[in-house]
Each structure stands twice: as C-alpha cells, then as structure tokens.
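Read off the chains here:
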Amino acid sequence: MSEIEVVRHYTRFTEESYGVDNGPVPLGSCTMKYNPRIATNYVNSEYLANIHPSLLKFETAQNILKLMYQLQEWLKEITGMDACTLQPPAGASGELTGVLIIKKYFQERGDTQRDEMLIPDSAHGSNPASSSMGGFKSVRIPSDEHGLVNLEALRASVSNKTAGLMLTNPNTLGLFEKNITEVTKILHENEAIVHYDGANLNGIIGIARPGDMGFDIVHLNLHKTFSAPHGGGGPGAGAVCVKKYLEDYLPGYIVSKDDNGRYFLKKMSKSIGDVYSTYGNLPGMIYAYIFILSYGSDIYKVAKYSTLNTNFFISLLKGVKGITLPYDEKTPRLHETVLSFKKLAEETGVTVEDVAKYLLDNGFYAPTIYFPLIVDEAFMIEFTETESYENIVKYAEVVKKAIEIAYTNPSELKQAPINTSVRRLDAVKANHPSTLKPSVKFGRK
Ligand SMILES: Cc1ncc(COP(=O)(O)O)c(C=O)c1O
C-alpha cells in the first residue's frame, strides 16, 4: 500500500473512535479522567519506556525502583495502610489478589471452614467473580432502603464460615456508607477480613482513608483515580495495600530500601506468588506517580471537584419527567450517581439504552447503563474532576432533549444512533463465546 493509503486508513480510525481527548467519557464506576500530557511524555521517554526487569540489575535500575518505592509510600499514606504491592495489572486482578491473600491467611491458621465471601448487591460484578475464582462462595448482602449495606442482613450472614467482605465506599450508587465502621466491626468481631474495592476512591481521596474505616486490604485502580489512561488507552494497574498483619502474604516484588539507601526488590515470606510479570505495569505507575506529585497535599481537590460535578449534574436533571434519583433523593452523592429511567420506559417505551444511543448521536459518550443491578433502567454517570462546567451543562441538555423526544416521537429514539460509523450493535452476541473465535474479522464490515 502507498503511504498515503496507510495514513488515511489510520486517520479514519481515529475519526471513528472516541476518548477523553474528544470529550467527556462519563462512564459511571470507570473514572475516565484526562491524562495530563506531561505524564505521557515521561511514560514514552526512552529512559522509561524500555526498562526491562530481566535486562537490568538492581544497581542500574535505582531510579525506577525509587519511583516505585515512593509510589508505594504515597499509596500507603493515601489509603491508611502499612504495605503495598504494585504488581497486579487491574482492579479485578487486585480483587483476586486480595481474595487469595484472605484464602492463604486462613489456610495458614487452619481455619479452612471459612469458605464464604460476603458481597453487597450493589457491588461490581468483578467482586463475586474474583471471590469465585479464589474458591469462595459469594453471599449476597442486600442494600437497605437508603441504598447502603443492610446491617441487619449483614449481621445475620456473618458466621464462622465467613472469610471476608468485599466492599466499595462510596458504593456504586455514589453514596458514602456512613455505617462503615460498624460494618468493619461486625466482620472483625468474627475475625473475618474486609477488602476495599478501590474503584471508587475518587470520591474520597485525600479526605477519608479506607485504613481508618477498618479495611484490611485495599486494591486501587491506578488507571482510574490516578489518571493512567485505560479503556483502550493503555494497560491498567491495580496496586494492593494491606495492614501490617497481612504484609507477608503480598504477591510479587515489594520495593524496599536498605540501610545504605539502595533500593531492591523483595519477595515476602508467605507470598501468594506472582500475579503478573515482575514490576507490574510500569506505565500505570509512572502516571500515578506524576499525578500524586502534581497535586501534593491538594489531592483532596480531586474528590471535591468530582463530587461537585456529579451533584451539579444531578441538579440540572432534577424534576425532569421520566427520571428519578433512587434512594434518599436529598442525600448528596459523591463522585458518581445512578439515575433511574424506569418511569420513562414505562410511560414512553423508550429505554435508557435508547437515550444512551441518542447521546452518541450528539457527539457524547454514553454513561454506564443497566448497572448497578439494583436500579431499574440504571443511568450511572460519573463526571470526574477534569470535566468542564460547559460540557456538563451540554450533556444535561442532550439528556433533556432525549426525554422531550421520548414523550413526543419515541420511534425517533429507537433509530439512534444514526450519526456513528456503526449503528446498534448486538451487545449480547458480541459477548457470546460462539462469536469469540479467532476467525472473527475486525473492521468496518
Ligand atoms: C466498582 C468496581 N470494582 C471493580 C472494578 C474492576 O476494575 P478493573 O476494570 O480495573 O478490573 C470496576 C471496573 O469498572 C468497578 O467499577
């Protein structure tokens, strides 16, 4: 092919895709924020991009080990924990790491009857998946009428079979679990372990710490809260931090410092083993390092502005026909919120999926839909701290316009999207094993 054909081919692809560099990507629970270019420049620099652990001795990798060591220290401070590993490559991998630590801890104690993991019904699907992969039975804990963990149900579910609880706070509804210290106390009284799903740390970073709430294990999505590009933009990174009594179980290599100030990689004595390659995903760590460094002690502003943006968006849609804010309408949300379009669907036949497709037609990325499962016709939206006032206003206007069309000409919305390079995709088919064969051809047709 001629050069110009190749250039046009790839340029067309860039025009067909959409990412945070094009506009807001307010996918709830995904924390898609702007990735400052200064960080990308460092990640791509020849000094950092080509580092390979098996080609470097500790002595020649001192600066990168220093960066990793410092990152571990900062993450400990941010989470209120005592030790961290940077090896897991994603949030779900961090969850599995936590689950395997819990498993090994109880195996070592001979407490092998503990085969149950408690998981609230508002949790992300990866929580029960990780628990099952670790060999635990997942026990569903219902939410109460305020959208928080139902304490009665929790008490009734805890027993000497309980190994742990996996919980994200703020939860996936964007609500802060105000009884969190009671929740962790209930588990600890039963000698069980509490794992913090850090996907939602953006709502509290710099303001509240999971370690102070009683969590024993924390996984962090460096690619969400700490700005590393993800969702097609790059590999994830799922650091895991633990309280002192679990430090020996950490996987991979922990970066340590000797008495002469030299950095080295250390394996822990009771380690669950490796969960990924040597260092983990270094680019994600470099992004996180630069992100934390650039905010310094102002890092609480991340939580403050993402919360402000979300509540501003809620205020713009307040009272709009067909939309409700399930659970305590007056309680402010943190970094994200879940609206219900159930009424709209009942009154017009237009579903939240139709509205999402209409947003695509208007040049915006759709929010997360149909999750969490406890909200019917869920519209889960998260405007991070990097989103502008103007874009949030425009986004709300498009949603309002969709509602107006739903009540006047619903069939129009059933056609959406019409302005995108592909129309409605068969989302079920795309996830079906029979379609995931190597012979599947990717491309426009
Ligand atoms: C609440 C929650 N927990 C865990 C995860 C899993 O994280 P990852 O996608 O990095 O594996 C997600 C991802 O969206 C999430 O929203």
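Residues numbered from 1 in each chain as written. Predicted model: local features only at pLDDT ≥ 70, side-chain atom pairs only at ≥ 80, totals over all residues. Heavy atoms only, no water.

The protein carries the name glycine dehydrogenase (aminomethyl-transferring) in an unreviewed UniProt entry, which gives Fervidicoccus fontis as its organism. Per UniProt, the comment on the protein under Cofactor (unreviewed entry) is "pyridoxal 5'-phosphate". The annotation that UniProt attaches to the protein under Catalytic activity (unreviewed entry) is "N(6)-[(R)-lipoyl]-L-lysyl-[glycine-cleavage complex H protein] + glycine + H(+) = N(6)-[(R)-S(8)-aminomethyldihydrolipoyl]-L-lysyl-[glycine-cleavage complex H protein] + CO2". (UniProt positions renumbered as here; feature names shortened; annotations may be inferred.)

Engineer: What should I look at first to understand the site of the ligand in this one?
Structural biologist: Taken together, the neighbourhood of the ligand is formed by Ser 29, Ala 90, Gly 91, Ala 92, Glu 95, His 124, Ser 126, Asp 197, Ala 199, Asn 221, His 223 and Lys 224. Measuring from an oxygen atom of the ligand, one finds a backbone N or O atom of Ala 92 at 2.8 Å. With 3 residues, helix α5 (residues 91-109) is the largest single contributor of residues to the shell around the ligand. For the shell around the ligand, the per-class residue count stands at 3 nonpolar, 6 polar and 3 charged. (Near = heavy atom within 4 Å. Polar contact = N/O pair within 3.5 Å; in protein donor to acceptor, adjacent residues only side chain to side chain. Helix = DSSP H or I, 4+ residues; strand = E, 2+ residues; numbered from the N terminus. Nonpolar A, V, L, I, M, F, W, Y, C, P; charged D, E, K, R; others polar.)

Engineer: It is not clear to me how the nonpolar core should be interpreted in this structure. Could you clarify?
Structural biologist: Taken as a class, soluble globular proteins show a tendency for nonpolar side chains to be buried jointly. Core analysis: the largest hydrophobic core is formed by 60 residues, its most contacted members being Leu 75, Leu 154, Leu 222 and Phe 226. Per-element tally for this core: the top contributor is helix α4 (residues 62-79), with 9 residues. Split by domain, the residues of this core number at least three in each of domain 1 (3-35 + 299-430) and domain 2 (40-297). Among the nonpolar cores identified, the runner-up in size contains 29 residues, and Leu 325, Val 350, Tyr 358 and Tyr 395 belong to it. (Core = buried A, V, L, I, M, F, W, Y, C linked by side-chain atoms within 4.5 Å. Buried < 20%, exposed > 50% of the residue type's maximum accessible area, 1.4 Å probe, protein only. Domains from an automatic or database assignment.)

Engineer: Explain the state of the cysteines to me, please; I cannot follow it from the model alone.
Structural biologist: A covalent bond between the sulfur atoms of two cysteines is referred to as a disulfide. Counted according to the given criterion, the structure contains 1 disulfide. Here Cys 84 engages in a disulfide with Cys 241; their sulfurs sit 2.3 Å apart. Looking along the S-S bond of the Cys 84-Cys 241 disulfide, the torsion reads about 100 degrees, which is the right-handed sense. Highlighted residues: Cys 84 in strand β1 (residues 83-85) and Cys 241 in strand β7 (residues 240-242), separated in sequence by 157 residues. For the pair shown, Cys 84 and Cys 241 are each scored as buried. (Disulfide = S-S within 2.5 Å.)

Engineer: What is the right way to look at the sheet that holds strand β10 (residues 337-340) in this model?
Structural biologist: Hydrogen bonds between backbone atoms are what pair the strands of a sheet, whose relative direction is either parallel or antiparallel. Spatially, β10-β12-β11 is the arrangement adopted by the 3 strands of the open sheet, whose pairing is antiparallel. Strands at the two margins of the open sheet, each flanked by one partner only, are β10 and β11 (368-369). Relative to strand β12 (residues 378-381), β10 is paired through 4 bridges, and the arrangement is antiparallel. When the bridges of β12 are listed, Leu 339 appears paired with Phe 379. Where helix α11 (residues 300-317) meets the sheet, its contacts fall on β10 and β12, and the angle it forms with β10 comes to roughly 20 degrees. (Pairing = 2+ DSSP bridges. Contact = heavy atoms within 4.5 Å. Axes fitted to C-alpha atoms, helices over the stretch in contact; angles between N-to-C directions.)

Engineer: Sorry if this is basic, but what is going on with the pairing of β12 here?
Structural biologist: For a regular strand, the rule is simple: side chains alternate between the two faces of the sheet. Residues of β12 alternate between two faces, with Ala 378 and Met 380 on one and Phe 379 and Ile 381 on the opposite face, all of them buried. Sheet topology note: the β11/β12 ladder contains 2 bridges and is antiparallel. For Thr 368, the partnering residue across the bridge sits in β12 and is Met 380.

Engineer: I would appreciate a short explanation of helix α8 (residues 180-189) in the present structure.
Structural biologist: Every α-helical turn comprises 3.6 residues, leaving residues that sit three or four positions apart pointing alike. Burial in α8 covers these residues: Ile 180, Val 183, Thr 184, Ile 186 and Leu 187. What you see down the axis of α8 is that its buried residues fit within an arc of 150 degrees, all on one side. Looking at the buried residues of α8, the elements they touch are β2 (116-120), α7 (151-157), β4 (162-167), β5 (193-197) and α9 (210-213). Positive backbone phi, at 60 degrees, marks Glu 191, one or two positions downstream of α8. (Arc of directions from axis to C-beta.)

Engineer: Before we go on, may I ask you to explain the side chain of Thr 368 in this structure?
Structural biologist: With respect to the element layout, Thr 368 can be found in strand β11. A polar atom in the side chain of Thr 368 sits 2.9 Å from the backbone oxygen of Gly 28. In this view, Thr 368 contacts Leu 27, Gly 28, Ala 378, Phe 379 and Met 380; residues no more than four positions away in its chain are not counted.

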